[in-house]
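Structure at a glance
Okay, here's what each chain looks like letter by letter:
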Amino acid sequence: MGARRLKLGFMMHGNGTGWGDWRHPAAHPGASTDFGYYRRQAQVAEAAKFDFLFVADSVHITPKSSPHYLNRFEPLTILSALAAVTDRIGLVGTLTVSYAEPYNVARQFASLDHISGGRAGWNVVTSWLEGSARNFSRDKHYDHATRYRLAAEHLDVVQGLWDSWEDDALVHDKASGRFFDPEKLHRLDHRGPFFQVEGPLNIARSPQGQPVIFQAGASEDGRNFAAARSDAIFVQDDDLLSARAYYADVKRRAAGFGRNPADLFVLPGLRPVIGSTEEEAERKYRDFIALTSIEDALLIMARSFNEHDFSQYDLDAPFPEVERFAQNSNRSTSGRVIRLAREGNLTLRETAQRFATPRTDFVGTPEQVADAFERWFLEPAADGFVYNNSLPDELSVFAETVIPILQDRGLFRREYEGTTFRDSLGLAKPVNRHTSRRIAAE
Ligand SMILES: Cc1cc2nc3c(=O)[nH]c(=O)nc-3n(C[C@H](O)[C@H](O)[C@H](O)COP(=O)(O)O)c2cc1C
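About the cut-offs
Residues numbered from 1 in each chain as written. Predicted model: local features only at pLDDT ≥ 70, side-chain atom pairs only at ≥ 80, totals over all residues. Heavy atoms only, no water. UniProt positions renumbered as here; feature names shortened; annotations may be inferred. Contact = heavy atoms within 4.5 Å. Buried < 20%, exposed > 50% of the residue type's maximum accessible area, 1.4 Å probe, protein only. Domains from an automatic or database assignment. Buried area = accessible area lost by both parts, 1.4 Å probe. Salt bridge = Lys/Arg side-chain N within 4 Å of Asp/Glu carboxyl O. Polar contact = N/O pair within 3.5 Å; in protein donor to acceptor, adjacent residues only side chain to side chain. Helix = DSSP H or I, 4+ residues; strand = E, 2+ residues; numbered from the N terminus.

Remarks on the UniProt feature "binding site: FMN" (unreviewed entry) in the protein chain
When the UniProt feature table is mapped to this numbering, "binding site: FMN" (unreviewed entry) covers D57, T94, H144, Y148 and S219. If we ignore the near neighbours within four places in the chain, the residues touching Y148 are T126, Q215, G217, S219, D221, G222 and F225. Judged by relative accessible area, which is 10%, S219 ranks as buried.

Concerning the domain arrangement of the protein chain
Frequently, the measure chosen for interface size is the accessible area that the parts lose on association. Parsing the protein chain into structural domains produces domain 1 (7-277 + 360-441) and domain 2 (293-356). Computed from C-alpha atoms alone, the centre-to-centre distance between domain 1 and domain 2 is 28 Å. Taken together, the contacts link 22 residues of domain 1 with 14 residues of domain 2. Taken over both partners, the interface formed by domain 1 and domain 2 buries close to 1700 Å², and the fraction arising from carbon and sulfur atoms is 49%. Summed over the three residues of domain 1 that lose the most area to domain 2, namely W19, W128 and H144, the buried surface amounts to 39% of that side. Summed over the shared surface of domain 1 and domain 2, the number is one salt bridge. Residue R336 is joined to D238 by a salt bridge in which the shortest nitrogen-to-oxygen separation is 4.0 Å. Here domain 1 and domain 2 share four residue pairs in polar contact (both at pLDDT 80 or more) between them.

Examining unusual backbone geometry
The omega angle of the peptide bond from G199 to P200 is -5°, so this bond is cis rather than trans. With respect to the helices and strands, the residue P200 is situated in the loop between β6 (196-197) and β7 (212-215). In this structure, the amide linkage connecting E379 to the following residue, P380, adopts the cis form with an omega of -5°. By secondary structure assignment, the location of P380 is in the loop between α12 (366-378) and β12 (384-387). Of note in this structure, K49 is not a glycine but carries a positive phi near 70°. With respect to the helices, strands and loops of the structure, K49 is situated in the loop between α1 (35-47) and β2 (52-55).

Here's what the structure looks like:
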């Protein structure tokens, strides 16, 4: 086995994660629906040997949603277009199990895996915005526990459908007129509490066999689901100590589910700010946070409390009692906000500012940012990172200054290991379940 290496993803967030990012002098406000922008960024990331591109998603907006959420591409559509203009980089997209039929999801990711020559990854989310229900002809969003039960069954169905065809089922024998071997085509016949799906899927097994699975749940149910079922976990954490605790916890859970913990990658998302000197990095960081007004900071925070209206509270009073608004929403992020407020005895204003514009370890010169990556990686608090910065030129700065340092230290690849996303991650292609059964019976 080779040395442990960092995994790197690039979060393609068009014009930014914040509310004010698009107002930065270097920002491209129309980026979120500009294919040329996505293509250029994807190619820069691939030339830098990133493991994957990530396109996040949600399915409900209000006029208070952030600019990128208001106007963005559907993930599978943009990833299919990017598949055609890249060769090696993984293509990971979010699709919610709460509002998508597993048959369609299986087809879409199998198609992306074929189109891209084996580079598809699915970020399995359950969605935490209650308003999503109203876009899908439902009155009510599923509750938190139900969502994770549904997610497990949904994933069972999708992965079952991906094995509909054994790898060598399509024989294409022109002489005999035999297009496929019927012994190697399998119905699923799934009947569960949420889904009844007969199958088989109408597309052959894809190059990776099973596209790579990502997850990001951090509540109790979320951690168990991610540890049991995913190949990689996204984390939102900018504090090394809590990231280390989370890392140890999900690896322990993975081992408890009978898995090799090394096959599960824990990937915090972060936004490095790089300057040629410390002063320049600090200035860039300050320019960036100046774009986030207190009103924006309240909205950023509100997102994990089901878009609760924080403007009704006194900004300079202690952080209000709002836990109940997060129960059916994003429990991990809202929990982090509440802990931050309680532990630091903070007012609402202070909590929102610290949460929305954290001062992380990843602000500094290229050496300092590389040091922070290395520290988190060796701790270990991470197996890699999801880099996120929407200013168009910052990705190139990162690629040209930080990545070479990580390569020189032996922490990051210089060349892709193979052709598929699984090759990059060092994950074997799973044997089709029906083929395994046949081999076992022989
Ligand atoms: C880096 C990262 C990316 C995420 N991307 C999405 C996404 O694209 N769509 C979505 O609905 N949720 C996304 N989530 C949220 C998770 O899917 C999940 O809802 C959240 O972590 C709360 O889960 P919990 O209630 O189990 O704590 C993301 C989370 C993280 C940390």
